[in-house]
Amino acid sequence: MNAAAELPRLHITPPVQYVLRLADTCLIHAQRLAEWCGHGPVLEEDIALTNMALDLVGQARALLTLAGQMAAAPGGPAWDEDQLAFLRSEFQFFNLTLVEQPLRRSSAHAPGGDFADTVLRNFLVSSWLKQLWQALAASSTSMLADIAGKAVKEARYQQRHNADWVVRLGDGNEESARRMAAALLRAWPFVAEMFAHDGVDDAAVAQGLGPARQSLRAACMDEVGPVLAAAGLQAPADSPFVSTGTLGRHSEHMGFILAEMQSVQRQFPGGRW
Amino acid sequence: MSETSVQDQTPLQGRPTSATAAPEWPLWEVFVRAKAGLDHKHCGSLHAADAPMAVQLAREVYTRRQEGTSVWVVRSSDITASDPGDKAMYFDPMEDKVYRHPTFYELPEAVNHM
């Protein structure tokens, strides 16, 4: 049996893409965090990282279910959460490029395995998600508002937990401060995409689905700035570069993470456990 | 290839490489209250650098399955305990003093639910 062969065509309208941007950011971020499972710097934080990954998986599941329903023709068959997670191709994923960058494993751009990258990314993403969930609580789509109402508490905790680490390490000793500064340099080029603006944002605003990313910037930076300052970190100057994961054009790391994440469903289509 | 295989060749940075390199964080005892009105109950211990971190990690480690609504942490070294060697002297004399249990009183009907 090949479940994929029976799937309807996936119509990614701008509102669907808007929801997938958020769903895929949660999903891919969770997958990267899950790579720490069993490898955390200390047992307690290992469990904390896995808890955070599971929060994000829960958010992604609800959002993917919603996106599948939105993408279906009225009364027609819909893609479910598993099909959307495991059977889409790279160009059909719309996550922030930041979250697909390697964390625990090394790459050409980062040594890998540096806890500084992990806490900083967690802090940036949870700060962004918190603003987004807060705004989405007023969404015209009640299911999205419900998801946001639950998720905002998770984002709020993750932001606090990771802000705490950013300050501890940034304001720690010489070695930890050097590593946090290096992590910030690596992450910062991808921050612009969090607040970029395009037609998908316009479509979401027009139908009351959710806010434009641009509108989150001030509130988000009001919270990120003081934490970086307390950590003794200086955000690098903005550059014209804007990454394009939210458009479906990904960095070279995306194919690898999807290959691993999707391998079981690809090998045993429709398989369950 | 930009990403290494599942089996990383290099040791991870910032990660203890052996048991002896484990962080020297102090030990904390964790008390969790299941719901309002109940006592905080001791449920285990963990390592953390300071009290705020201990509270956060207690939340992560001991309340994952909705076990709690409130968490206390206490430095293990701040707890003064009785000496196990004193056990006989401290506790055995109570063995034959059943009259200290309030089981010899007839309760009036009105307080039936004590």
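In this text the structure is predicted, and so the values were computed from the model without any measurement.

## Some points on the confidence of the model for chain B
Residues and elements named next belong to chain B.
Here's step 1: Taken residue by residue, chain B gives an average pLDDT of 82. The fraction at 70 or more is 77%.
Here's step 2: Taken together, the stretch residues 1–19 has pLDDT below 50 and engages in 29 contacts with residues farther than four places along the chain or on a different chain.
Here's step 3: Across the predicted assembly, pTM comes out at 0.87 and ipTM at 0.83.

## Re helix H7 (residues 174–187) of chain A
Residue and element names in this part refer to chain A.
Here's step 1: Helix length check: H7, at 14 residues, gives a terminal C-alpha distance of 20 Å against a target of 20 Å (1.5 Å per residue), a fit within 8%.
Here's step 2: Among all positions in H7, only Arg179, Met180, Ala183, Leu184 and Ala187 are buried. Each buried residue of H7 sits inside an arc of 140° when the element is viewed along its axis, so together they form one side. For H7, the exposed residues set more than 90 degrees away from the buried face come down to Glu174, Glu175 and Leu185.
Here's step 3: Lining the buried residues of H7 we find helix H4 (97–100), helix H5 (115–136) and helix H6 (142–170).

## Thoughts on the packing of helix H2 (residues 43–71) of chain A against H6 of chain A
Residues and elements named next belong to chain A.
Here's step 1: Following both chains from N to C, one finds H2 and H6 inclined at 160°, their axes separated by 11 Å at the closest point. Of the possible angle classes, the one that applies to H2 and H6 is roughly antiparallel. As H2 runs across H6, the sense of the crossing is left-handed. Only Met143, Leu144, Ile147, Ala151, Glu154, Gln158 and His161 of H6 make contact with H2, whose side of the interface consists of Ala48, Met52, Asp55, Gln59, Ala62, Leu63 and Leu66.
Here's step 2: Considered class by class, the residues forming the contact of H2 with H6 number 9 nonpolar, 3 polar and 2 charged.

Rules and cut-offs
Residues numbered from 1 in each chain as written. Chains lettered and ligands numbered in written order. Predicted model: local features only at pLDDT ≥ 70, side-chain atom pairs only at ≥ 80, totals over all residues. pLDDT = per-residue confidence, 0-100. Contact = placed C-beta atoms within 7 Å. Helix = DSSP H or I, 4+ residues; strand = E, 2+ residues; numbered from the N terminus. Expected span 1.5 Å × (residues − 1). Buried ≥ 20, exposed ≤ 12 C-beta atoms within 10 Å, placed from the backbone. Arc of directions from axis to C-beta. Axes fitted to C-alpha atoms, helices over the stretch in contact; angles between N-to-C directions. Parallel < 35°, antiparallel > 145°, perpendicular 65-115°, else oblique. Left-handed = near helix turned anticlockwise from the far one by under 90°. Nonpolar A, V, L, I, M, F, W, Y, C, P; charged D, E, K, R; others polar.

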